[in-house]
Structure formats: C-alpha cells, structure tokens
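# A closer look at the structure
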Amino acid sequence: MNIAVVDAGGNLLAFERMEDAWLGSIDISIKKAWTSRAFNITTQDLASHSQSGNQFFGIHASNDGKVMIFAGGIPIKQDGQVVGAIGVSGGSGDQDHDVAHAGSAAY
C-alpha cells in the first residue's frame with residue numbers, strides 16, 4: 001500500500017509506502033487524496049457519478065489528468081468540515097477504500 005494525506009488545500013502532508021508496494025501507485029495515492037479533497041467526496045462515489053451518462057462523466061480528464069475516479073480516496077472531516085483527505089493505492093479498489101476509511105476514521 002501507498003498512503004498519502006493532504007491538508008485542506010490539497011497539499012501533501014504525509015506519505016508512507018510499504019516495502020514492495022507498487023511504484024506506480026505512489027502517484028495514484030497522492031492524486032486520490034487530492035481528488036477527494038478537491039471535490040469533498042470519496043473517489044469511490046465520484047467514480048459512480050462519472051460513468052457514461054452520469055453528471056460527472058469526463059471529470060477524470062480535468063485538472064491536467066489529476067482526478068482519480070476509483071476507490072481509495074476519502075475526505076477527512078473535523079466537526080463536519082473537510083480538513084484534508086487520505087488516498088490509498090496498491091490493493092484492490094475495496095482494499096484501498098477500506099484502508100483509507102480506517103485512516104480517516106482514526107483522525
């Protein structure tokens with residue numbers, strides 16, 4: 001797993017890469033965190049809204065390709081306000097989402 005945490009401005013605060021985690025997932029985890037903060041939605045939910053015919057179709061092509069539309073990004077909230085986000089990549093979509101959820105819940 002690669003795990004990235006961003007602040008309210010989408011800036012990288014923390015990053016951790018487990019030994020032997022996929023190198024390609026480094027960038028993906030950071031972009032999942034950024035996407036989740038940029039739109040204040042889980043990337044899993046954004047994925048469902050961005051399918052052909054849905055309201056956000058094509059959003060993945062915005063922001064110079066920085067938007068990730070698969071599970072693993074979750075906003076971090078404090079007192080109902082989004083204060084950052086966590087992005088996880090390196091497992092299946094369900095695994096990434098579960099790890100991100102655990103991280104956001106720990107905050």
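Residues numbered from 1 in each chain as written. Predicted model: local features only at pLDDT ≥ 70, side-chain atom pairs only at ≥ 80, totals over all residues. Heavy atoms only, no water.

## With respect to the side chain of S25
Take S25: it is sitting in helix 1 (residues 24-39). Using a relative accessible area of 4% as the deciding quantity, one classes S25 as buried. Beyond its immediate chain neighbours, meaning those up to four positions away, S25 contacts N2, S89 and G90. (Helix = DSSP H or I, 4+ residues; strand = E, 2+ residues; numbered from the N terminus. Buried < 20%, exposed > 50% of the residue type's maximum accessible area, 1.4 Å probe, protein only. Contact = heavy atoms within 4.5 Å.)

## Looking at the sheet that holds strand 4 (residues 81-89)
Remark on secondary structure: sheet strands pair via backbone hydrogen bonds, oriented parallel or antiparallel. Pairing in this open sheet of four strands is antiparallel, and the strands run 2-1-4-3 from one edge to the other. Edge positions in the sheet fall to strand 2 (12-17) and strand 3 (73-78), since each has one partner strand and no second. Pairwise comparison of adjacent strand axes, ignoring direction, gives a mean angle of 20 degrees for this sheet. Two strands pair when backbone bridges link them, and strand 1 (residues 2-7) and strand 2 are joined in this way by five bridges, in the antiparallel orientation. Considered in strand 2, the bridge of A4 is made with F15. (Pairing = 2+ DSSP bridges. Axes fitted to C-alpha atoms, helices over the stretch in contact; angles between N-to-C directions.)

## Structural notes on the nonpolar core
Core analysis: the biggest nonpolar cluster contains seven residues, these being W34, I41, L46, A47, I59, V67 and I69. Here W34 is in contact with V6, G10, N63, K66 and V67, once residues within four sequence places are set aside. Formed by six residues, the second largest nonpolar core is a distinct cluster that contains M1, I74, I76 and V88. (Core = buried A, V, L, I, M, F, W, Y, C linked by side-chain atoms within 4.5 Å.)

## Looking at the pattern of salt bridges
Counted under the stated rule, the structure contains two salt bridges. Ionic pairing is found between K31 and D27, a salt bridge with its closest N-O pair at 3.1 Å. Pair noted here: K31 and D27 are both in helix 1, with a separation of four residues, about one helical turn. We note a salt bridge from D96 to K32, for which the minimum N-O separation is 3.0 Å. Here D96, found in helix 3 (residues 93-106), pairs with K32, found in helix 1; they are 64 residues apart in sequence, far enough to count as distant. (Salt bridge = Lys/Arg side-chain N within 4 Å of Asp/Glu carboxyl O.)

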